[in-house]
Amino acid sequence: MSDEQWGFIFNKDSCIQCHGCEVACKTWRAVALGVNWRRVINLWSGEYPHITCSSASIACMHCEEPACVDVCPTGAVNKRGAGGIVLVDARKCIGCQACLDACPFKAPQFGLDGVMQKCDMCLSGKADAPNFSQKAPPCVNTCPTGALALRKMTVAQKKEAEQTMIDLLNISKKR
Amino acid sequence: MTKQFGQAVENCAFTLEEAKAFAQEAGEQVTPTFCAMCGPNPTCGIYAFVKDGRFTRVAGMLESPLNKGGVCPKGHAAPQWVYSPDRLKKPLLRKGAKGEGLFQEITWDEAISIIADKLQQQKALYGPESLAILSPAHRSYSNYIRRFLVAHGSPNYGHSGICYVQREFAFTYTIGCQPRCDYKNADLIILWGRQPIYSGPAMGAARSLVAAKRRGAKIIAIKPSVEPDVGMADIWAPLRPGTDAALALSMLNVIVDENVIDEKFVETWCYGYEQLREHVRKYPPEWGERISGVPAAQIREIARLYATTKAATIDLGNGVEHAPSSNDAIRAVAILMAITGHLDRPGGNLLVGVRSGMPSPKTVNLAGRYTQEMVDKLVAPEFPRVFQPFWGGTSSAYYRIFDSVLTEKPYPIRTIIAPGTQPTVSNRGSKRVVEALKKVDFYVVLDVTRTADMNYADVVLPVSTPYETDHPFEFRGNWLMARNKVIEPLGDYKSMYEFFLDLGVRMGYGEDFWHGSITDCQNYQLTPFDLTIEKLREYPFGLIFKAKRNAPSYENYSRVFQRRSTALSREPYLPQGKVAIYNTTFEREGFNPLPEWREPPESITGAPELTGKYPLILSDYHTSKAYSAAWQRNVPYLREIQPFPTLHIHPATAAARGIKNHDWIIVESSHGWMKVKAELYPGIRPDTVMILHGWWQGCRELGFGDLPILDGGANVNIMYSVDPDKAFDPLITAMSSQTLVEVRKYE
């Protein structure tokens, strides 16, 4: 595996919670109703009146050591793609949802066919995935405030990005 | 072809060339045009993609100086709106009783003839003023509405009475114009009743806020509940809905009392400071706390911070335009800006700002033809007649047009045309509005999809979405671009613009309507550019004009304070050529010369006798991240973001009533009741509950049915008082959106 991987960087200080990334993902990839490859959530911290909120835009983080790959009983999820992209082989998936339980970001999604689907960074090369040439995926492109970025990063940076998102999500759990 | 791994990926949207290259590779067509998914003057630049004749998706236009490539969720969901099963298909003529929903299909020509015959008949019998056309928000076609009304002879352009123009009026009659916020240079930004994110998130305000935050500006947010903009703030002042005037008056008390004013500015450029000093003695922060719920210590803190921070700006939003004390709230804020020396200085509130180098297109509103006779005939002036026309023309208050149908005072409106507006769900007093719709002689609805009240219409016309037409061109700031057609109309559609042109011609006003030619109409408007619309279309992403000077100009007091009004008298806005702290114009017309506090019709401090039965304050959100006002609930990708009408309620308030998250609940006021879902919301005042307005429409794709318009639905407009003596601002018609309610679990 390459030392360098693609990874999403989310900057919570720039996110305005507009959900543009979420819907851009759905229209550009024709994602079914009820399925969200990317989702934006509101996170509370504090208690009234000393309370504030922040946002998180979450999709598959294409982890350095993906828990979904480890737990998949059929080897349907793998991290073999160039740039460390975690991909699903729909033919092998049995829809057991073990990946969903294991994922700290709850990224795996299941549509009517029961097969796991999720963000492929628009880099899967699948026929229905647009070719963005020099461009970032629609979720990144559409962001009015540049809160979301796709970067080439080292293994250490990738782990840091994962941890940042885990910490962010824990803010709300601690409340 | 897959991405070449290893190349840098920047955060950037498509340029025209990139969009074309992408489209070619994907076997699609691309059209540069404008997004059309939000309210007034939607002008974000987009590239719209079409595959096999079907509009599929959009990307942001990087060249657009407005959105710079950003697109919000509403913009992305556009294809679902265009292809919605809720779209109207054919012009319809009512067959059954009003409200029954029985129609027969007719042609556009027949529809135009039926409407024209009715208008001509009524004009002869009752005068042209018997026609009112509604325009809830200012849109590109608002000026065409005005043009038609002026050509017809009616002054009754029905403006909401609850949005934007209220601020425009109160600011203009206090400091000469509505000021802009100098986000770029401010060290302190006060977001007051403002929602810079949900209204046009890609258009710049949100970007400016994020940039200011990044460079360390302090942010204060004043509103009843925490939204993402409050999440960016350093201080949140959770005030009770509708009490902005009280808070502003107490801030004035602190600033005057502690003498943290700009003495030189006050002496040179303000009229009536001495009277203000006496007047605000009665509004100490402890009084302000009792009314607004904001702690006195916090009122002092905010007032001092604002007065003593040199580069401080106030971004006053629509939230202040929904209370009977609106005019005084806005005036009080304008006075705050003035006496603290924040007007037209770097980082403050700018009167002029950077001047766009772009000429203004010719307007089509026929403003030069207003007469005293027309002003006298206003059925329900949004502002007193002496101030009319204001902001582009004369206006009657939207809700009061319906009231005139019922009261017949001063006369009944006979025909109401509703182009892209739903009076039963977008304005207060829905119960009275329904009664008026049953009674009014003739009601015409024009829209893209089904509307809440089309069953009361005599004629319904299906209009094209802006993705199905090539007009009008749009302009904003220093940017001018032609609109291009993305797909051919999916049905028997014409645009709103073509409707007014065709009706104008059919009525015999052809001279004023370019004999029906939208091309000639656009060419007329483009005269100052020495361009035709065909020529403009050759610039695929439009023309961007360089600013006249790069730095904003400051301290334009002598010029701005001398502005003449647009009222027929042309009397200056500021008779003394100074900030009207003490407003002699308002005094002359019988209104308060100084800002005062006026209670909403039902409030904890104003109607304590009601709080036993109804202990909570209810108000509503004007905008949301998923929807524009009362439309788009039928768009599945948006409905998924906000699937249910939910009441924001503090967890402690809910727990005291045995209400859990997502429970169905009943919300009851003395005017009506709603059945909605509870959303336990830790970031809201425990004495206040809030809901988004505009709920009625279902979403077939997701299996959501329509909700009742009146009791038992989720239409918050039925919940408020429309008492003519209490529910309106006496000067600027702002309508109250506060009441007292109780909430209980739905069993």
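For clarity, every value in this text was computed on a predicted model and none was experimentally measured.

Conventions we followed
Residues numbered from 1 in each chain as written. Chains lettered and ligands numbered in written order. Predicted model: local features only at pLDDT ≥ 70, side-chain atom pairs only at ≥ 80, totals over all residues. Buried ≥ 20, exposed ≤ 12 C-beta atoms within 10 Å, placed from the backbone. Helix = DSSP H or I, 4+ residues; strand = E, 2+ residues; numbered from the N terminus. Pairing = 2+ DSSP bridges. Contact = placed C-beta atoms within 7 Å. Nonpolar A, V, L, I, M, F, W, Y, C, P; charged D, E, K, R; others polar. Core = buried A, V, L, I, M, F, W, Y, C linked by C-beta atoms within 7 Å. Axes fitted to C-alpha atoms, helices over the stretch in contact; angles between N-to-C directions. Parallel < 35°, antiparallel > 145°, perpendicular 65-115°, else oblique. Left-handed = near helix turned anticlockwise from the far one by under 90°. Arc of directions from axis to C-beta. Domains from an automatic or database assignment.

On to the pairing of strand S18 (residues 459-462) of chain B, then. Residue and element names in this part refer to chain B. By the alternation rule, side chains of S18 split into Val459 and Leu461 and Val460 and Pro462, which are all buried. Bridging between strand S4 (residues 92-94) and S18 involves 2 bridges; their strand directions are antiparallel. Among the inter-strand pairings, Leu93 is bridged to a residue of S18, identified as Val459. In the sheet, strand S17 (residues 442-447) pairs with S18 via 4 bridges, with the strands oriented parallel. Opposite Leu446, over in S18, you have Leu461 as the bridge partner.

Counting residues at the interface gives 43 residues for chain A, matched by 52 residues for chain B. Taken together, the elements giving at least two residues each to the side of chain A that touches chain B come down to helix H1 (20-29), strand S2 (38-47), strand S3 (50-59), helix H4 (138-141) and strand S8 (148-154) of chain A. If you tally residues by element for the side of chain A that touches chain B, the top one is H1 of chain A, at 7 residues. Its residues placed into classes, the side of chain A that touches chain B shows 21 nonpolar, 17 polar and 5 charged.

Grouped together as the largest cluster of nonpolar side chains are 294 residues, with contacts concentrated most on Ile46, Tyr47, Ala248, Met251, Leu252, Val333 and Val444 of chain B. Ignoring anything within four residues of it in the chain, the contact list for Leu252 of chain B reads Val280, Ala332, Ile335 and Leu336 of chain B.

Further remarks concern the environment of Thr31 of chain B. Residues and elements named next belong to chain B. With respect to the element layout, Thr31 can be found in strand S1 (residues 29-34). On the basis of neighbour counts, which here come to 21 C-beta atoms within 10 Å, the residue Thr31 falls in the buried class. For the pair Thr31 and Gly272, spaced 241 residues apart in the sequence, the C-alpha separation amounts to 56 Å.

Next up on the list: the packing of helix H16 (residues 398-407) of chain B against helix H18 (residues 430-439) of chain B. Residues and elements named next belong to chain B. Axis separation between H16 and H18 bottoms out at 9 Å; the angle between their running directions is 60°. Comparing the axis directions of H16 and H18 gives the class oblique. H18 is crossed by H16, and the crossing has left-handed handedness. Here H16 contributes Phe402, Asp403, Val405 and Leu406 to the contact with H18, which in turn contributes Arg432, Val433, Glu435, Ala436 and Lys439. Across the contact of H16 with H18, the residue classes break down as 5 nonpolar, no polar and 4 charged.

All names here are of chain B. Structurally, Cys270 can be placed in strand S12 (residues 270-271). Judged by C-beta crowding, with 23 C-beta atoms within 10 Å, Cys270 ranks as buried. Expressed as a C-alpha distance, the spacing of Cys270 and Ala580, which sit 310 residues apart in the sequence, is 6.6 Å. Setting aside anything within four residues of it in sequence, one finds Cys270 in contact with Phe265, Ala338, Ile339, Lys578, Val579 and Ile581.

Residues and elements named next belong to chain B. Among all positions of H18, only Ser430, Val433, Val434, Ala436 and Leu437 are buried. Considered in projection along H18, the buried side chains sweep an arc of 160° and stay on one side of the axis. Contact partners of the buried residues in H18: H16, helix H17 (423-426) and S17.

Bringing the domain arrangement of chain B into the picture now. Residues and elements named next belong to chain B. Looking at chain B, the domain boundaries give domain 1 (16-82), domain 2 (92-161 + 359-474 + 482-544), domain 3 (176-353 + 559-588) and domain 4 (608-745). For domain 1 versus domain 4, the separation of C-alpha centres amounts to 34 Å. Contributions of two or more residues to the side of domain 1 that touches domain 4 are made by helix H2 (73-76) and helix H3 (78-82). Partitioned by chemical class, the residues of the side of domain 1 that touches domain 4 number 5 nonpolar, 2 polar and 1 charged.

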